[in-house]
Protein chains: 2
Amino acid sequence: MTTQHETLVSKHAATLEAAIDAVNTRKSWSPFKDSPSSKIHGEEKPAAGKAAFEARLNRRFEMGLPGISGWSGEEVSPFTLDPLGISYPLCDPETLIASAKVAMAHWSKASPGLRIALCLEMAEQLYDNNFEMAHAVMHVAGQSYTQAFSGSGPNALDRGIEALAYAATAMDNVAPEAKYHRQFGRDEVALEKTYTLVPRGVGLVICCASFPTWNAYPAMFASLSTGNPVIVKPHPIAILPMAIVVERCRAVLSEFGFDPNLVTLAVDTVAEPVAGQYVEHPDVQIIDFTGSPRFGSHLERTVTGKQLFTETAGVNSVVVESVDDLAESMRAIARASSLFSAQMCTSPQVVFVPKDGIQTRDGHVSFDAVAQCIVDEVDALADSPKVAAGIMGAVQAQLSLDVVAEASAMAEREGLSILRQGGAYEHPDFPAARTRTMMVISGDSSHQAMYAEERFGPVLFIVATDSADAAAEEATELARTRGTISCYMYSTDDDFVDRWVDVYATVGANLSINLTGAMWINFAAAYSDYHVTGLNPAGNACLADLSFVASRFRIAQRRRPIRKDAA
Amino acid sequence: MTTQHETLVSKHAATLEAAIDAVNTRKSWSPFKDSPSSKIHGEEKPAAGKAAFEARLNRRFEMGLPGISGWSGEEVSPFTLDPLGISYPLCDPETLIASAKVAMAHWSKASPGLRIALCLEMAEQLYDNNFEMAHAVMHVAGQSYTQAFSGSGPNALDRGIEALAYAATAMDNVAPEAKYHRQFGRDEVALEKTYTLVPRGVGLVICCASFPTWNAYPAMFASLSTGNPVIVKPHPIAILPMAIVVERCRAVLSEFGFDPNLVTLAVDTVAEPVAGQYVEHPDVQIIDFTGSPRFGSHLERTVTGKQLFTETAGVNSVVVESVDDLAESMRAIARASSLFSAQMCTSPQVVFVPKDGIQTRDGHVSFDAVAQCIVDEVDALADSPKVAAGIMGAVQAQLSLDVVAEASAMAEREGLSILRQGGAYEHPDFPAARTRTMMVISGDSSHQAMYAEERFGPVLFIVATDSADAAAEEATELARTRGTISCYMYSTDDDFVDRWVDVYATVGANLSINLTGAMWINFAAAYSDYHVTGLNPAGNACLADLSFVASRFRIAQRRRPIRKDAA
């Protein structure tokens, strides 16, 4: 290792150690601050970040990629509805893959510790650059400024560092060498053995449009740290955040003497998608996918002989059996549902409430009163444009509004009640913003076809069930058959909770019980909360555990007699 | 945990701890003795084991399996050529799978520590029963008595315990619970989190005919210890060893209060194979396969949405660049090749020697002299029936003799030289035994079609190459394209070795360098030697590493506010 490399490893050693401790203890920890407050970051950085973002607009995004065959860019800001005007290099897949393979030879020889330190350096520099990233995420995904800053910044980088903690643990589990002594007959056999970590091959990271960085960091860092190059395939309508990431990673690699083609960007267009060419290429050995259940399950059904990690989505449910403070609990649901206008993989989509109502500390409350309370709490958020802007941000694509319109039409046709028409709210900073508050629809279990498939847009169903147990039964069955990433339960009855927690676990539904208050109930904390179980159709991977990293590298060994001069 | 369970966990705690230490340090270790010597085991056990085996013959093998629809057995002893006369239950796949799922519910609730202790108890009891197993393996697979005792007994059980060490490490990596404290705005959030290990589903273990227990133990123990039930699918011509294993595992499970249907046996016939029905069943979520590259690669190409672990075979090569003592090195090759008449996944099949010969401590030696030395060393083993019997055992199936006949015919047709005709040797104990010593064929790199595919039988190719580097080039390219499990190299030139070790690692070829002496060069020691890399067509799994176990279970979490009474 060079002095520069040794210094880098030392610089990040404490962070790595703390991250390993955090995933082992699963306590709250982060090396970053997830608030954009200028009290933390000073006055200069927010302005500089905004300026850096604006300087990206209406020009080519050059990053020295190999094999450029053209330029394209189709991004439109959900906040201004104006095109960003950025064009990105379109690259020949064979060239990107070949370049990655060339770069891999040197990278695979770097020590795991150095590769991890390089990734930590990337994370640190990306954090340092996070105000620009916040604007980039806002204007492709539609996230609010604060959410883009935190959720697509530190919270996502934390997931990346979490993956590094597991990669370090898994690679550290392999002794680099050993001496072996054993008597065989009259022979005293003495062997020296060497165990080499061998990366699996080129990693492909397919990113989603609504939350591009959140899954990309763990996937990229998991593959890179274990010695694999990475090709990032952003969604064609949300390229900029990943272009900034790739540019930064390439700069860090170059700065430390590695081939920048270890990290490249495979841009495509909606009309001519390119993912399939990478997926099918024999040199692509690892695929991380985040996105629609449709393409995710296609990959799950067709990809063989490669490592495939998917996170898609499902139907997240809430079961309300009984509560202490009704308004407090329904506010938690309304907030979680409204956050980013329900365009999150953890957004609750269905609230199951017993048709005969529930117990609260203030006595019995009817189904209708529970439903009305949710509507009231959604109203409270929607009625203040400033609050609405901070929570809901914008709707990324017209498609999500079509989902709402379709749900509305179906509801009317099928006889469900529309308790709340979702409407645009006026964004205080972006008058043209594509905004939408929650539509709330009420029905019963006979309307399962309506709410039992993922509707990726601002629509929430409140469903009357025969009983609380019937609610939990339906919620867990939906999780098993349709997939889920986060389930929620409200109950003051420990027997009820105890009766169902194992069922939720068996169907692979991570469960939040009785959460209220300032923390978003669908907030998933890196290092502490596992994200996705791999046990139901919402994905086969877990962010992050040992299985997320352990198969990204393999072990090759050699052995030979211990030489006398070495014995 | 009951007192009985606590006692069991205590009983095996030291073994588990020592096994974890052994895989971490990769030193030589085993809780067992792998010699059948009566000095170790006493006079009684060997006789009792033989008697137990004989008592199995010519009757039904009853083990209380559910869903029996018939009885069948087709085994023929390679030593006597007589049918064993044992018939085994044929079971309805749906019933076995349903029974496994029923049993899983209780098993998944047992602590990881208890499940591991149960597996260690199975291993201990199987070791205690190993003389019977030795005879069972001999008379279905054809292994010699000593090899059957060691290789299919302690050496295989060690692989199972090795898998338990990794399972313990992987499961121990998941904190069972945590307290989470973080400030969100003005809220001091305090959560209790619970992380539950959830087994993936029914495990299917498909065993090979020549070495059934060796891969079965690690697969069975890896799945069982992580909470999954296991259905063992033995090869229809080599059922008895796995029937004995399943019977013993079921007895241990019953003894400790668990449903014996956690381990069942799915017998089929050559005419009506049943594996596909299990492979395709949605409840079967884990598949461990050992056997032919043909069926293995079929599974690798077609199985999706399940965990698949394969070990098949490939073309194992030896590169001879230079040696110290020619006879010593060629003896090592001759012995490894002759062991079990080359019916092992680690048997060398091709020896590459530079056409201009090699350097030895006694000066330069021609290609022909090297080849003749190998032939002489094979002769030395073959000429003594007692030595031959101990090393070569019997040939399992006529198919392996057909392989030799086909190689012989091709060699004559293609103009290769048959340096040694393999012939039967007279077995001192079993005059009817199907025996065969090595056929040795010489050619050059132009005959690659002959030696570049696995020939599972007693045939060894010695191939002249343009140079030593050309030999290593061809060996590693064969490894990459055809697969390999063990490669061998002889060279006194450190520069040559250093030039090639990384290439071997990159193609996933485990390499033994300059091994001679009493230890079989193709001996792979559990806890110390990784077996199969997963980087070439010889299999996708590694026995054993973290990736062999880490995805056999998943993690489901729940979280709730810390209650005041619990805070």
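Residues numbered from 1 in each chain as written. Chains lettered and ligands numbered in written order. Predicted model: local features only at pLDDT ≥ 70, side-chain atom pairs only at ≥ 80, totals over all residues. Heavy atoms only, no water.

Caption draft 1: Region of the structure containing the relation of the copies chain B and chain A. Taken as rigid bodies, chain B and chain A are interconverted by a rotation of 180 degrees and an axial shift of 0.0 Å, the fit giving an RMSD of 0.0 Å. On the angle and the small slide along the axis, the relation comes out as a two-fold axis. When the interface residues of chain B are mapped onto chain A, 100% of them are again interface residues, pointing to one common binding face. (Least-squares fit on C-alpha atoms with pLDDT ≥ 70 in both. Contact = heavy atoms within 4.5 Å.)

Caption draft 2: The pattern of salt bridges, seen in detail. Residues and elements named next belong to chain A. The tally for this structure, following the rule as stated, stands at 48 salt bridges over all chains. R159 is the partner of E162 in a salt bridge, and the nearest nitrogen-oxygen pair spans 2.8 Å. Residue E162 and its partner R159 are both found in helix α8 (residues 154-172); the two are separated by three residues, about one turn of the helix. Considered together, E162 and R159 belong to a single accessibility category, that of buried residues. (Salt bridge = Lys/Arg side-chain N within 4 Å of Asp/Glu carboxyl O. Helix = DSSP H or I, 4+ residues; strand = E, 2+ residues; numbered from the N terminus. Buried < 20%, exposed > 50% of the residue type's maximum accessible area, 1.4 Å probe, protein only.)

Caption draft 3: How the structure looks around the sheet that holds strand β18 (residues 511-513) of chain A. Strand order across the open sheet formed by 10 strands is β14(A)-β15(A)-β16(A)-β11(A)-β10(A)-β17(A)-β18(A)-β19(B)-β4(B)-β3(B), with mixed pairing between neighbours. On the outer flanks of this sheet lie β14 (417-420) of chain A together with β3 (177-184) of chain B, each paired with one strand and no other. Looking at each pair of strands side by side, their axes are set apart by 25 degrees on average, direction ignored. Where strand β15 (residues 439-444) of chain A lies against strand β16 (residues 459-465) of chain A, six bridges are found, and the strand directions are parallel. Its bridge partner being in β16(A), A:S442 is matched across the sheet by A:I462. The strands touched by helix α19 (residues 494-506) of chain A are β10 (317-320), β17 (487-490) and β18 of chain A together with β4 (187-199) and β19 (553-561) of chain B; relative to β17(A), the strand with the most contacts, the crossing angle is about 170 degrees. (Pairing = 2+ DSSP bridges. Axes fitted to C-alpha atoms, helices over the stretch in contact; angles between N-to-C directions.)

Caption draft 4: Focus on helix α12 (residues 293-302) of chain A. Residue and element names in this part refer to chain A. Regarding α12, the residues found buried are G296, L299 and E300. Each buried residue of α12 lies within a common arc of 100 degrees when the element is viewed along its axis, so the set occupies one face. Exposed positions of α12 whose direction lies more than 90 degrees from the buried face are R294 and R301. Next to the buried residues of α12 lie β5 (202-206), α11 (275-280), β8 (284-290) and β9 (307-311). (Arc of directions from axis to C-beta.)

Caption draft 5: Highlighting unusual backbone geometry. The residue after A:L543, namely A:A544, is reached through a cis peptide bond having omega -15 degrees. Among the structural elements, A:A544 can be located in the loop between β18 and α20 (546-549). Phi is positive for A:S341, which is not a glycine, with a value near 45 degrees. Mapped onto the secondary structure, A:S341 falls in the loop between α13 (326-338) and β11 (350-354). A positive phi angle, near 55 degrees, is found at B:F340, a position not held by glycine. Within the secondary structure, B:F340 sits in the loop between α13 (326-338) and β11 (350-354).

Caption draft 6: Here's a closer look at the packing of helix α1 (residues 3-25) of chain B against helix α5 (residues 112-128) of chain B. Residue and element names in this part refer to chain B. Two elements in contact, α1 and α5, have axes separated by 8 Å at closest approach and are oriented at 70 degrees. By the angle between their directions, the pair α1 and α5 is classed as roughly perpendicular. Here H5, L8, V9, K11, H12, T15 and L16 of α1 lie close against α5, whose contacting residues are G113, L114, I116, A117, L118, L120, E121 and E124. When its residues are assigned to classes, the contact of α1 with α5 shows eight nonpolar, four polar and three charged. (Parallel < 35°, antiparallel > 145°, perpendicular 65-115°, else oblique. Nonpolar A, V, L, I, M, F, W, Y, C, P; charged D, E, K, R; others polar.)

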